[in-house]
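Chains, contacts and geometry: an overview
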2 protein chains.
Amino acid sequence: MGEFDLIKRFFERERSTQVGVALGIGDDCAVLQPAAGQQWLVSTDMLVEGRHFLSTVAPELLGHKALAVNLSDLAACGATPRAFTLALALPRADEAFLAGFARGLFALADAHGIALVGGDTTAGPLNICVTVMGECPQGQALLRSGARPGDDIYISGCLGDARLALEQFRGTLSLPGEDFAQVRLAMERPEPRVALGQALRGIASSAIDVSDGLAGDLGHVLVRSGVGAELDFERLPRSRWLAAQPAAVQQLCLLSGGDDYELVFTAPAAQREAVLAAAQASGTAVSRVGHISAEAGLRVLDGSGEKMALQLQSFDHFKA
Amino acid sequence: MGEFDLIKRFFERERSTQVGVALGIGDDCAVLQPAAGQQWLVSTDMLVEGRHFLSTVAPELLGHKALAVNLSDLAACGATPRAFTLALALPRADEAFLAGFARGLFALADAHGIALVGGDTTAGPLNICVTVMGECPQGQALLRSGARPGDDIYISGCLGDARLALEQFRGTLSLPGEDFAQVRLAMERPEPRVALGQALRGIASSAIDVSDGLAGDLGHVLVRSGVGAELDFERLPRSRWLAAQPAAVQQLCLLSGGDDYELVFTAPAAQREAVLAAAQASGTAVSRVGHISAEAGLRVLDGSGEKMALQLQSFDHFKA
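If you're wondering where the values come from, they're calculated on a predicted model, not measured in any experiment.

Here we look at the interface of chain A and chain B
At the junction of the two partners, chain A supplies 71 residues and chain B supplies 71 residues. Buried area between chain A and chain B, both sides added, is near 5300 Å², and the carbon and sulfur share of it is 58%. Across the contact surface, chain A and chain B share four salt bridges. The interface formed by chain A and chain B includes 23 residue pairs in polar contact (both at pLDDT 80 or more). Here the side of chain A that touches chain B gets 10 residues from one element, more than from any other, and that element is strand β3 (residues 38-48) of chain A. For the side of chain A that touches chain B, the class distribution of residues is 35 nonpolar, 19 polar and 17 charged.

Describing the packing of helix α4 (residues 161-170) of chain A against helix α9 (residues 247-256) of chain A
Residues and elements named next belong to chain A. It is the contact of α4 with α9, at a shortest axis distance of 8 Å, that shows an interaxial angle of 125°. In this view, α4 runs oblique relative to α9, as classed from their interaxial angle. Every pair of crossing elements has a handedness; the one defined by α4 and α9 is right-handed. Contacts from R163, L164 and E167 in α4 reach V249, L252, C253 and S256 in α9.

Brief notes about unusual backbone geometry
Here the phi dihedral of D259(A) falls at roughly 65°; this positive angle occurs in a residue that is not glycine. Of note, D259(A) is situated in the loop between α9 and β10 (262-267). Even without being glycine, Y261(B) reaches a positive phi, approximately 55°. Position of Y261(B) among the secondary structure elements: in the loop between α9 (247-256) and β10 (262-267).

Things to note about the UniProt feature "binding site: ATP" (unreviewed entry) in chain A
Under the present numbering, the feature "binding site: ATP" (unreviewed entry) in UniProt falls on G119(A), D120(A), R144(A) and S211(A). Across 93 residues, the annotated set is spatially dispersed, with a maximum C-alpha separation of 31.3 Å. By the secondary structure assignment, D120(A) is in strand β5 (residues 115-123). D120(A) has contacts with E3(A), L86(A), A87(A), L88(A), T44(B), D45(B) and M46(B), leaving out every residue within four places of it along the chain. Within the element layout of this structure, R144(A) appears in the loop between β6 (127-137) and β7 (152-156). With residues up to four places along the chain from it excluded, the contact list for R144(A) reads S206(A), A207(A), I208(A), H220(A), V221(A), R224(A), S225(A), G26(B), D27(B) and D28(B).

Overview of the UniProt feature "domain: PurM-like C-terminal" (unreviewed entry) in chain A
This chain's UniProt record puts "domain: PurM-like C-terminal" (unreviewed entry) on residues 148-300 of chain A. Secondary structure within residues 148-300 of chain A divides into 42% helix and 22% strand; the distance between the first and last C-alpha atoms comes to 18 Å.

Things to note about helix α4 (residues 161-170) of chain B
Residues and elements named next belong to chain B. Extensive coverage of α4 is indicated by the burial of seven of its 10 residues. Looking at α4, one finds that the buried residues are D161, A162, R163, L164, A165, E167 and Q168. On the buried face of α4, the contacting elements are α5 (177-188), α8 (240-243) and α9. Positive backbone phi, at 85°, marks G171, one or two positions downstream of α4.

Brief notes about the sheet that holds strand β11 (residues 286-293) of chain A
Residues and elements named next belong to chain A. The six strands are arranged β8-β10-β7-β11-β9-β12 in an open sheet whose pairing can be described as mixed. With partners counted over all chains shown, the strands left at the sheet margins are β8 (206-210) and β12 (297-301), one partner each. Recorded for the sheet is a direction-independent mean angle of 25° between the axes of neighbouring strands. Sheet topology places β8 next to β10; five bridges connect them, and they run antiparallel. Looking at the pairing, S206 lines up with T266 of β10. In the packing of helix α2 (residues 59-76) onto the sheet, contacts are made with β8 and β10, and the angle to β8 comes to roughly 165°. Seen against the sheet, helix α7 (residues 214-225) touches β7, β8, β9 (228-232), β10, β11 and β12 and runs at an angle of roughly 155° to β8.

Rules behind the numbers
Residues numbered from 1 in each chain as written. Chains lettered and ligands numbered in written order. Predicted model: local features only at pLDDT ≥ 70, side-chain atom pairs only at ≥ 80, totals over all residues. Heavy atoms only, no water. Contact = heavy atoms within 4.5 Å. Buried area = accessible area lost by both parts, 1.4 Å probe. Salt bridge = Lys/Arg side-chain N within 4 Å of Asp/Glu carboxyl O. Polar contact = N/O pair within 3.5 Å; in protein donor to acceptor, adjacent residues only side chain to side chain. Helix = DSSP H or I, 4+ residues; strand = E, 2+ residues; numbered from the N terminus. Nonpolar A, V, L, I, M, F, W, Y, C, P; charged D, E, K, R; others polar. Axes fitted to C-alpha atoms, helices over the stretch in contact; angles between N-to-C directions. Parallel < 35°, antiparallel > 145°, perpendicular 65-115°, else oblique. Left-handed = near helix turned anticlockwise from the far one by under 90°. UniProt positions renumbered as here; feature names shortened; annotations may be inferred. Buried < 20%, exposed > 50% of the residue type's maximum accessible area, 1.4 Å probe, protein only. Pairing = 2+ DSSP bridges.

As structure tokens, this is what we get:
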């Protein structure tokens, strides 16, 4: 199977009319058709074996995740997904791998109405690079820079399960088989919060997706917005599997977990009802977990309102 | 040096007002601002060591080439470059490499007025994935599908020098030192024909950039357009270094060379003066090398108009 056969067989699909796409795969460039009054949002993520996924992952789940982590960036900005490109380095043209990968990729793409419009395939150590594009009405994108003192802080879904699964793979803890199956799903099949992001346009003051751990990612919002924050540790949303772990494991997974792909966002207190309505409309659980303050830095408070002593570390690809 | 320091130090630059870019690096997504009546064109290319570049290449040239091969796709569509993302997997955060890479990358970016608006960095086997975005007035993008019987076929610059350099690296031929320096530049520092592509809007009927060899890439145009072509072998533009090589080497390098990043395009005979004016306005040499015919397939003719017997092969990453 050659390069062009591979693209044709696994990645070219029947042309369909797709909002925002004038021309898809098959030319030097794809042609996008912006609608009047819309801005286009772009994000890119690269996945490397052993860093972003384990060699044991099912190809279908890998296809899902490669797109999911990118859709999560569109979600964090409140954008409507439109188009994506896929660049793929493969050690060899393995048909079973490619069939599974494409199945997982397109199932998620179809669920969000986003079209594969171009790409590149090459031989090389396994590497997956997806670039997503989405639309958002002029000036309505949710950004990291909009948090203001007094705003509430919210988190979608629950945090830490993906890290719990990773720690099990690493052998630092031992979960019962059925619990492990659940947290492994959180790690290998994250659901990007696209509908919630769109529902929060005009309501949230800032947003980011949690990919490197809550403390680090919320930290980006605080720096960009020039503010600080207090988080109530007990309010941080966690699964019953994580809630059953020792305090130190809970702290690690909730605050420095990584790979969560939940949204952390802020909104003025006057928007509490609107936030709940957005959560309901998008079918996504949302928890209010703290507030923004004028004093720089992040403070995590225990059940009695005391500042917890924590060593917070965000995931960094070039640090141990 | 951590991941975020690395981005800040080498890839974040002072914000400047850039046409089409509302928000650059630093959020979950970049925000692009389409102008009225414009379409956005997107392309992505992934570069892997040993496949697309040799380990001996200077980092500055690699930074140049990673963007150049992508700009070449925008050029082939006649688009004006606006924004690009960069995803980078690095074995380690090597400062000398990164400084050189960024220097080469931004020198070319600045020359074409294109802004780095987002990206991703991770540890892993060296891999560079660039996605470019450009603008083109509605319906004016040059596509592979527009060639019509009777159209002339043109090529920019000259073909085959990059392949000549590769063959020298492989040890299959031996060029004098100064000649090698010249052809090595063609391989390591290709100049994307962006100005020519834009000048050909409304003049050329189809275009593609030559990255996998003329025969293969022109073949894509023929298939998409439902036509065939005759090429005059003697008219194929070649450097004096290539012209000094045996006939078999010239055939290989001109027809199946790869890595040329020249444009091959078609235009109705009535546009000959307009093509020359576009070439002149963009400061790019252009050669008329054949014509499109109704009969499918590509025929290469020798000096006396006889069909040459050739075994043409396009570069394929998954074939020997």
